[in-house]
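Coordinate analysis (summary)
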Amino acid sequence: MTLFLVSYLAGVLTILSPCILPIVPFVFSTAGQPAGRSVLPMLAGMVASFAGVATLAAVGGQWAVGANEAGRLAALALMAVFGWTLLSPRAAAVLSRPWLALGNRLSGRAGGRPATVGGSLLLGVATGFLWTPCAGPILGLVLTGAALQGANAQTTLFLAAYAAGAATSLALAVLAGGRMLAAMKRSLGAGERVRKGLGAAVLAGVAAIALGVDTGLLARLSYAGTTGIEQSLLDQLPAAGLTDRSMAMAATDTNRPYRSSLPVEGRLPSLGGAVEWLNSGPLSAEQLRGKVVLVDFWTYSCINCIRTLPYLRAWAETYKDQGLVVIGVHTPEFAFEKKIANVKGALRDFKISYPVAVDSDFTIWRAFGNSYWPALYFVDAEGRIRHHQFGEGGYERSERVIQDLLADAAGRRSADAGLVNPDAPGAQAAADLADARSGETYIGYEKADGFASPEGVRPGRPQDYTVGTPRLNRWGLAGNWTVGAEQARLNRPGGGIVHRFSARDLHLVLGPGPDGKPVRFQVTVDGKAPGADHGADITADGTGTVSETRLYQLVRQAGDVRERTFEIRFLEPGVDAYVFTFG
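In short, a report on the structure. (Residues numbered from 1 in each chain as written. Predicted model: local features only at pLDDT ≥ 70, side-chain atom pairs only at ≥ 80, totals over all residues. Heavy atoms only, no water.)

Let's talk about the overall build of the chain
- Per the secondary structure count, the chain includes 16 helices and 18 strands.
- Out of the 583 residues belonging to the chain, those deemed buried represent 51%.
- Excluding contacts between residues fewer than 6 apart, the proportion of contacts in the chain whose partners are at least 24 apart in sequence is 76%. (Helix = DSSP H or I, 4+ residues; strand = E, 2+ residues; numbered from the N terminus. Buried < 20%, exposed > 50% of the residue type's maximum accessible area, 1.4 Å probe, protein only. Contact = heavy atoms within 4.5 Å.)

Below, the structure written as structure tokens:
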């Protein structure tokens, strides 16, 4: 009984999650009509269809996934017709009569007819097909138990309780919204505009679901919002005397093969097209069948990628004997990152021993439809993508996904489910995001922002620049520089760069220029040697040398993080400066 209550409360919390947004217009389209013929039948249909579909998806295998996808497509078409009849009854008249009759019957708005119980119930069933909640720990626990235990009435009731909680909060919202809409109609005479607005909102919800926004961006936005509350509810279960047999069996039953409840996001695309493979021969999706694969898109001067590497190295080593294969796909941001020698040097410096595909032509990047550095894709033993992580962070969740997919491949869970605690030296250490008020700052003119030198940028031509003390997040050049599309090159010795920043760490991507000669430099912070605030690539007196093109950590504030003025002066010409990053 306790878990039923907790499932219901978790459903109520979904009103706080952005993942509920795509279906809100469907529910609000019933506002202002008698509840017994509109919102209540609709929410009942949503609860029933969600519980049924979620049960089948958890226990039914690939055929259920396909059936659910067909149902979603049908529901999307139904909702599109519904939204169109709300938005423009005149335009809807050109549709075929059966579809027009269906849309009018569902909406109850065209021709002034009231909603019917049957039409509202059908809308609710369609909404249940389309709703994809952000899975927190409670829903995850229920679905995992379903996957292990198979189909049973208790699983469906747990899911129904979750959906009923969501329906409760939606019903309260609709009742409040209905009063507001009614007041608008009375006071503004805006009934027609309100109806069209609802139609536009319904079509926007259909578009969001069709494009996957409900399971992508909104899921990432919502994860931190309600997960902590749900976890605190779960933490109270032992104190409440929970002895639910089905959940206990889900955790201990070793007679049934374990199956992951993670959604299928697609197939592993081709890994062909790399200009070279490092640390291994070329690998293909077919060769990797039977292995759990983690594909990491990265580039070696990207600070977010660098801070992810300790975890990738640790996972590759910890889980290799269990069947995990980590593959790095090095896709360059800057031209210097296309040089194979530079990439090999980065693998050596970062102690990367797992296979790396050098994707300088962006062939694999395009095959995945990727847009991020870093981007992690988690692939099961059958070659299906089951999870992704865009950007740094989410390490605990990512490792749990690895463990889950390995258990899925083995058909059983391991008793030990600990997490790695990797060594992260220098720039690889986790960022202090709470204190960071400065962001990535490019120096090349294509992406430059916050430039404070009064002369302005003179693209592609030598120019003498000056700079005073800039405001926060502004920067400038001093000396004679040529500012190119990607970087600025110093033409004469003694030139420098000044940046006013606020963050624990300051990094700068630098290179020695085309002749490869090392360039010495001197760093000051607030006009003095950095002392205890020096980064990993300079000494306490602020001296350092640019010997290769890479990211250099120049400042790490040892005490309280505050606003500082950074200055770097180069003793020789020829240095290339690309981008500041912070952490």
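Description of the packing of aromatic side chains
- This model, assessed by the stated rule, comprises 22 aromatic pairs.
- Seen in terms of ring centroids, Phe 368 and Tyr 377 are 5.0 Å apart; in terms of plane orientation they differ by 50 degrees. Their pairing is tilted.
- Judged by relative accessible area, which is 11%, Phe 368 ranks as buried.
- An aromatic cluster is defined as three or more aromatic residues linked by ring pairs; in this entry it consists of Phe 297, Phe 362, Trp 365, Phe 368, Tyr 372, Trp 373, Tyr 377 and Phe 390.
- Cation over ring: Lys 447 sits above Tyr 442, and NZ or CZ is 4.8 Å from the ring centre.
- Its guanidinium or amino end placed over the ring of Tyr 552, Arg 550 lies 4.0 Å from that ring's centre, counting from NZ or CZ. (Phe/Tyr/Trp six-rings, centres within 6.5 Å; stacked < 30°, edge-to-face > 60°. Lys NZ or Arg CZ within 6 Å of the ring centre and 35° of its normal.)

Regarding the packing of helix α13 (residues 303–319) against helix α16 (residues 395–410)
- Two elements in contact, α13 and α16, have axes separated by 12 Å at closest approach and are oriented at 20 degrees. Taken together, the axes of α13 and α16 are roughly parallel relative to one another. Note that α13 runs across α16; the crossing there is right-handed. The residues of α16 that touch α13, namely those facing Arg 307, Thr 308, Tyr 311, Trp 315 and Tyr 319, are Tyr 395, Ser 398, Glu 399, Ile 402, Gln 403 and Leu 406. (Axes fitted to C-alpha atoms, helices over the stretch in contact; angles between N-to-C directions. Parallel < 35°, antiparallel > 145°, perpendicular 65-115°, else oblique. Left-handed = near helix turned anticlockwise from the far one by under 90°.)

Let's talk about unusual backbone geometry
- In this model, Trp 373 is joined to Pro 374 through a cis peptide bond whose omega is -15 degrees.
- Tracing the backbone shows Pro 374 in the loop between α15 (363–368) and β6 (375–379).

Things to note about the sheet that holds strand β5 (residues 356–358)
- The 7 strands lie next to each other as β1-β7-β6-β3-β4-β5-β2, forming an open sheet whose pairing is mixed. Each edge of the open sheet carries a strand with a single partner, namely β1 (266–267) and β2 (276–278).
- Relative to β5, β2 is paired through 3 bridges, and the arrangement is antiparallel. For Glu 276, the partnering residue across the bridge sits in β5 and is Val 358.
- Sheet strands touched by helix α14 (residues 340–349): β2, β3 (292–298), β4 (324–330) and β5. Its angle to β2, the strand with the most contacts, is close to 20 degrees. (Pairing = 2+ DSSP bridges.)

Regarding α14
- Along α14, the positions that sit buried rather than exposed are Val 343, Gly 345, Ala 346 and Leu 347.
- Considering only its buried residues, α14 is in contact with β2, β3, β4 and β5.
- Looking one or two residues beyond α14, the residue adopting positive phi is Lys 351, at roughly 55 degrees.

Re the pairing of strand β10 (residues 475–483)
- Within β10, 8 of the 9 residues are buried, which leaves it mostly tucked inside the rest of the structure.
- Inspection of the sheet shows β10 paired to strand β12 (residues 496–501) by 4 bridges, in the antiparallel sense. Bridging across to β12, Ala 478 finds its partner in Gly 496.
- Pairing of β10 with strand β11 (residues 488–490), which is carried by 3 bridges, proceeds in the antiparallel orientation. The partner of Trp 481 across the bridge, within β11, is Leu 490.
- In sequence, β10 turns back onto β11 through a hairpin of 4 residues.

Section: the environment of Val 264
- Looking at where Val 264 falls in the secondary structure, it is placed in the loop between α12 (245–252) and β1.
- Each C-alpha atom, one on Val 264 and one on Arg 386, is 4.8 Å from the other, the two residues being 122 residues apart in sequence.
- Setting aside anything within four residues of it in sequence, one finds Val 264 in contact with Arg 384, Ile 385 and Arg 386.

A word on the pattern of salt bridges
- Applying the stated rule across the entire model yields 20 salt bridges.
- Note that Arg 384 and Asp 380 form a salt bridge whose closest N and O atoms lie 2.9 Å from each other. Accessibility classification places Arg 384 together with Asp 380 in one group, the buried group.
- Salt bridges here are not isolated pairs; linked through shared partners, they connect Arg 500, Asp 526, Asp 533, Glu 563 and Arg 564. (Salt bridge = Lys/Arg side-chain N within 4 Å of Asp/Glu carboxyl O.)

Focus on the nonpolar core
- Counting residues in hydrophobic clusters, the biggest one holds 42 residues, and the most contacted among them are Leu 294, Trp 315 and Leu 324.
- Taken together, the elements giving at least two residues each to this core come down to β3, α13, β4, α14, β5, β6, α16 and β18 (576–582).
- For this core, the element with the highest residue contribution is α13, accounting for 9 residues.
- Those residues in contact with Leu 294, other than ones at most four positions away along the chain, are Leu 312, Trp 315, Leu 324, Val 325, Val 326, Ile 327, Leu 376, Tyr 377, Phe 378 and Ile 402.
- With 31 residues, the next largest nonpolar core counts Ile 443, Ile 497, Phe 521 and Ile 568 among its residues. (Core = buried A, V, L, I, M, F, W, Y, C linked by side-chain atoms within 4.5 Å.)

Things to note about the side chain of Asn 370
- Mapped onto the elements, Asn 370 comes out in the loop between α15 and β6.
- Polar side-chain contacts of Asn 370 include one of 2.9 Å to the backbone oxygen of Tyr 372.
- Dropping the residues within four chain positions of it, Asn 370 is found in contact with Phe 297, Trp 365, Ala 375, Tyr 377 and Phe 390. (Polar contact = N/O pair within 3.5 Å; in protein donor to acceptor, adjacent residues only side chain to side chain.)

Here we look at the layout of surface pockets
- Each pocket or cavity is described by its volume, and for the second largest pocket that value is around 470 Å³.
- When residues in the lining of the second largest pocket are grouped by element, the largest group, 5 residues, is from α14.
- Of the residues in the lining of the second largest pocket, the class split is 9 nonpolar, 6 polar and 7 charged. (1 Å grid on protein atoms, 1.4 Å probe; cavity = no way out; pocket = protein on both sides within 12 Å on 5 of 7 lines; lining within 4 Å. Points joined across faces, edges and corners; volume = space filled by probe spheres on them. Nonpolar A, V, L, I, M, F, W, Y, C, P; charged D, E, K, R; others polar.)

Details of α16
- The end-to-end C-alpha separation of α16 is 23 Å, in line with the 22 Å expected for 16 residues at 1.5 Å each.
- Along α16, the positions that sit buried rather than exposed are Tyr 395, Ser 398, Glu 399, Val 401, Ile 402, Gln 403, Asp 404, Leu 405, Leu 406, Ala 407 and Asp 408.
- Tucked into the core, α16 has its buried residues touching β3, α13, β4, β6 and β7 (384–390).
- Positive phi appears at Gly 411, one or two residues downstream of α16, with a value of about 80 degrees. (Expected span 1.5 Å × (residues − 1).)

Just distances and angles here, no functional claims.
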